[in-house]
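Descriptive analysis of the structure
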Amino acid sequence: MTLSPQLIKQSVAAVLFFLAALYIASVVPTVEIAWVSAMLLLTIYLFAFEVMGVDVAAVTVMVLLGLTSLAAPLMGLEDGLVPTTHLFNGFASNAVISIIAVMIIGAGLDRTGIMSQVAGFILRIGGSTERRIIPLISTTVGVISSFMQNVGAAALFLPVVSRISARTGLPMSRLLMPMGFCAILGGTLTMVGSSPLILLNDLILTSNQTLPDMHRMETFSLFSVTPIGLALVTTGIAYFVLAGRFILPAVVAKADSSSGQSAMAYFADTYGVKNTSLFEVRVPAGAPLVGISVDELEARWRVRVIAVEKGDGLRFGADGVDRAVGVEAGIVLGVLASEEAIERFVAENGLALRPELEVFSEALSPAKAGIAEVVIPPSSQHIGKTARDLALRKQYGLSLLAVHRGNEVINCSTGGVRRTPFRAGDTLVVHTTWADLARVQKDHRNFVVVTTEFPHEELRPNKVPMALLFFFITLAMVLFTDLRLSVALLTGAMGMILTKVLTIDEAYQAVSWKTVFLLASLIPLGMAVEESGTAKWIAEQTLSVLGHHPTWVIQAAIAVLATFFTLVMSNVGATVLLVPLAVNIAIGAGADPAVFALTVAIATSNSFLIPTHQVNALIMGPAGYRVPDFMRAGGIMTVLFLTVSLTMLNLLF
């Protein structure tokens, strides 16, 4: 039997990790640290080599930690590595409950249409190209995360990115990682942007109690770290703009596989609607089109006008575009046509063809509109009538592209499609908004809608006031009170449910349970690493080796150590553990202890290599990322973070 390359790689890695565990067991001071180190190596192995899903791997490690209570005598331990009474504390932790609540709040804002408007605003400014959208999204999220929890900022923008992806055709995997990384980086912009920075001043005051007067440290003001944060966020944005096409995966979500290009290809093959696409053109003054009607325009150039913007608002869908509407100078037309037809249309009329949708990017996005099939049943009152007779576009919001009748196809290129009387059994190929199609679907007597798999989006714009009310209540509680974060966020989430912004079923669906299980299951491992003395032993061993090196080398070693710890335990735990060590080392090396303490607090945000950070876990599922994706993009980001942060720390302090 031939072994696959993946299995061979996993097997070789397993042997190497096992040997590493044996070596560590021979040098650590206690049996407990040896077993915790082995669990740590197992987790890294399962994550790095994708032996199983990351959530399954995390739950497996959690169960193994629990089983150590039963096997303690055989392992040479007095008790298990984690008490079984505390094994599931992660599911009730502040971090996990906060993530659940913020997902529900984000879904509530999305359901009211607020996030759709935000997405539309970003598209109007940034267009539909990665190089313009990534900086805009990343900057916005980075600024927001400077005054609220970075996972909250990322979760609130998740629906926005989803909508932008649907409207531009850019895979979410090309947008979510820059957004997520910049949400983490944005936490370094102020002293309230991340938990480690919030804790830092308290830890400094605690250390001052045991230090002589000459070594006592000053606390940091709110914007002391802002230059460092700005440099880090700018570096992150530049990194993805310049290198994004090489390091970001292009994972197409399964839900998108039946839409977009595949749908257009199906209609092209079946109905001869070849190379048909949406175009946006502007009519300049003096164009031959000025003064003629939409009806005459369509008949002469064999195109379909499905949207018009005359300066008084968008017109599309039912009650939108009337065939009698006159073409005026300066108006913008949304046109459905083949490439050949649009080239002729533009050339003969001197029109300005835009490279991508701008005015209609939101209204005519794949999430809002598309091509569908509708059949005329024998009971229809429309038999014998034409699309012109019915004012099909104005009354129903259906722009007719083709009629399929037996072996015959009548379409725009053959001509006369809008003057063809309908017969029972005719299949109409139409372009429509999904909202209009949902209304047509209810008219069972006259139409049978064949295309049933389309976005049935039930927005609740009437709930916008309540959604915003509870969002701002939550924000105020987070920023201006000492209330626990999870309680503040749950207040907003439950407020939206009780006021029916969301139903309870929609709230459950909004939660990424993969993210919840991943984070909750890793928390016991972090407890074991910290409480067993493993983290302290690793820190002491690493720093003892560097005791006689230059100050900047010691500072870099502390930053690297903080980076490692934040990958395998909470950033708060890593900060609490390392700040006292860093302060003492700085005093011994003749360096500024406050700067070394700040180095730890900033470096604990350097969590990009594997999806153990809350933000990375949040975006992993929706984008379809794998651990190697984080290792490839996050590895470079980790080095950049260390380089930029250490450089800025030494320049400023």
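Residues numbered from 1 in each chain as written. Predicted model: local features only at pLDDT ≥ 70, side-chain atom pairs only at ≥ 80, totals over all residues. Heavy atoms only, no water.

**A look at the overall build of the protein**
We count it as follows: Helix and strand assignments follow DSSP, with helices taken as H or I runs no shorter than four residues and strands as E runs no shorter than two, numbered in order from the N terminus. Think of it in three bands: residues with accessible area under 20% of the maximum for their type are buried, residues over 50% are exposed, and the middle band is partly exposed, with areas taken using a 1.4 Å probe on protein chains only. Whether two residues are in contact is decided by their heavy atoms: any pair within 4.5 Å suffices. Only the protein chains shown count as cover for residues, and the accessible areas themselves come from Shrake-Rupley with a 1.4 Å probe.
If you tally the helices and strands in the protein, you get 26 helices and 10 strands. The buried share of the protein, taken over its 653 residues, is 54%. Intrachain contacts of the protein at a sequence separation of at least 6 include 77% that bridge at least 24 residues. Per element, the accessible surface of the protein, about 28,100 Å² overall, is 62% carbon and sulfur.

**Quick look at helix α1 (residues 5-27)**
As a reminder, the rule being used: Expected span of a helix: the number of residues minus one, times 1.5 Å.
Taking 1.5 Å of rise per residue, the 23 residues of α1 would be expected to cover 33 Å, and the 34 Å separating its terminal C-alpha atoms lies within 8% of that figure. When we look at burial in α1, the residues that qualify are Q10, A13 and A21. Close packing links the buried residues of α1 with α2 (31-48).

**Some words on the pattern of salt bridges**
The condition is simple: What makes a salt bridge here is a side-chain nitrogen of Lys or Arg within 4 Å of a carboxyl oxygen of Asp or Glu, nothing more.
Counted by the stated rule, this structure contains 10 salt bridges. Across the pair D213 and R216 runs a salt bridge, and its minimum N-O distance is 3.5 Å. What makes D213 exposed here is its relative accessible area of 63%. Overall, R216 belongs to the partly exposed group, its relative accessible area being 45%.

**Focus: the packing of aromatic side chains**
Heads up, the condition is: Stacked, edge-to-face and tilted labels apply to pairs of Phe, Tyr and Trp rings (six-membered ring for Trp) whose centres lie within 6.5 Å, assigned for plane angles under 30 degrees, over 60, and everything in between, in that order.
According to the stated counting rule, one finds 13 aromatic pairs in the structure shown. With centroids separated by 5.3 Å and ring planes inclined at 65 degrees, the aromatic side chains of F471 and F472 adopt a geometry described as edge-to-face. We classify F471 as buried; its relative accessible area is 18%. Accessibility expressed as a relative area gives 49% for F472, which makes it partly exposed. When the centroid spacing of 6.0 Å and the interplanar angle of 55 degrees are considered together, the rings of F608 and F641 count as tilted. Of this pair, F608 sits in the loop between α24 (593-603) and α25 (614-623) while F641 sits in helix α26 (residues 627-652), placing them 33 residues apart in sequence. The class of F608 is buried, set by a relative accessible area of 0%. Under the relative-accessibility criterion, F641 is labelled buried at 0%. Each member of the aromatic cluster is reached from another via a ring pair, and the members are F181, Y239, F240, F608 and F641.

**Brief notes about the confidence of the model for the protein**
Stated formally: Each residue carries a pLDDT value, the predictor's own confidence for that position, ranging from 0 to 100.
A residue-level look at the protein finds 89% of positions with pLDDT of 70 or above and a mean pLDDT of 82. Below a pLDDT of 50 lies the segment residues 253-264, which in the model reaches 4 contacts outside its immediate sequence neighbourhood of four places, other chains included.

**Here we look at the nonpolar core**
Short version of the rule: As used in this record, nonpolar core signifies buried Ala, Val, Leu, Ile, Met, Phe, Trp, Tyr and Cys residues forming a set joined through side-chain atoms within 4.5 Å.
Residues I137, L176, M179, L200, F565 and I602 are the most contacted members of the largest nonpolar core, which totals 155 residues. Sequence-distant contacts of I602, that is, excluding residues within four places in its chain, are made with T188, L197, V225, I228, L232, F641, S645 and L649. Counting residues in hydrophobic clusters, the runner-up holds 24 residues, among them V294, V303, V321 and A341.

**Considerations on the pairing of strand β1 (residues 277-282)**
Rules: DSSP calls a pair of strands paired once it identifies at least 2 bridges connecting them.
Of the pairings in the sheet, the one linking β1 to strand β4 (residues 332-337) comprises 6 bridges and is antiparallel in character. Within the sheet, the bridge partner assigned to V281 lies in β4 and is L333. Here 2 bridges tie β1 to strand β5 (residues 352-353), and the two strands are oriented antiparallel to one another. Residue V281 lies in a different strand from β5, and its bridge partner there is L353.

**As for the sheet that holds strand β9 (residues 427-433)**
Threshold: For helices, the fitted line uses only the C-alpha atoms of the stretch in contact; every axis is such a line through C-alpha atoms, and the angle between N-to-C directions lies from 0 to 180 degrees.
Spatially, β8-β7-β9-β6-β10 is the arrangement adopted by the 5 strands of the open sheet, whose pairing is antiparallel. Both outer strands of the open sheet, β8 (408-411) and β10 (448-449), are each paired with one neighbouring strand and no more. Strand direction decides the pairing type here: strand β7 (residues 399-405) and β9, joined by 5 bridges, are antiparallel. In the strand pairing of β9, L400 is matched with V430. Contacts from helix α16 (residues 434-441) reach β6 (369-375), β9 and β10 within the one sheet, and its direction differs from that of β9 by about 130 degrees.

**Brief notes about the environment of S380**
Rules: The term polar contact refers here to a pair of N or O atoms within 3.5 Å; inside protein, the definition further demands a hydrogen-donor-capable atom paired with an acceptor-capable atom, and it admits residues adjacent in sequence only when both atoms are side-chain atoms.
Within the secondary structure layout, S380 lies in the loop between β6 and α14 (387-390). With 42 residues separating them in the primary sequence, S380 and F422 have C-alpha atoms 9.7 Å apart. In this structure, S380 is in contact with R445 and N446, ignoring residues within four places of it in sequence. Reaching out from S380, the side chain makes a polar contact with the backbone oxygen of N446 at a distance of 3.2 Å.

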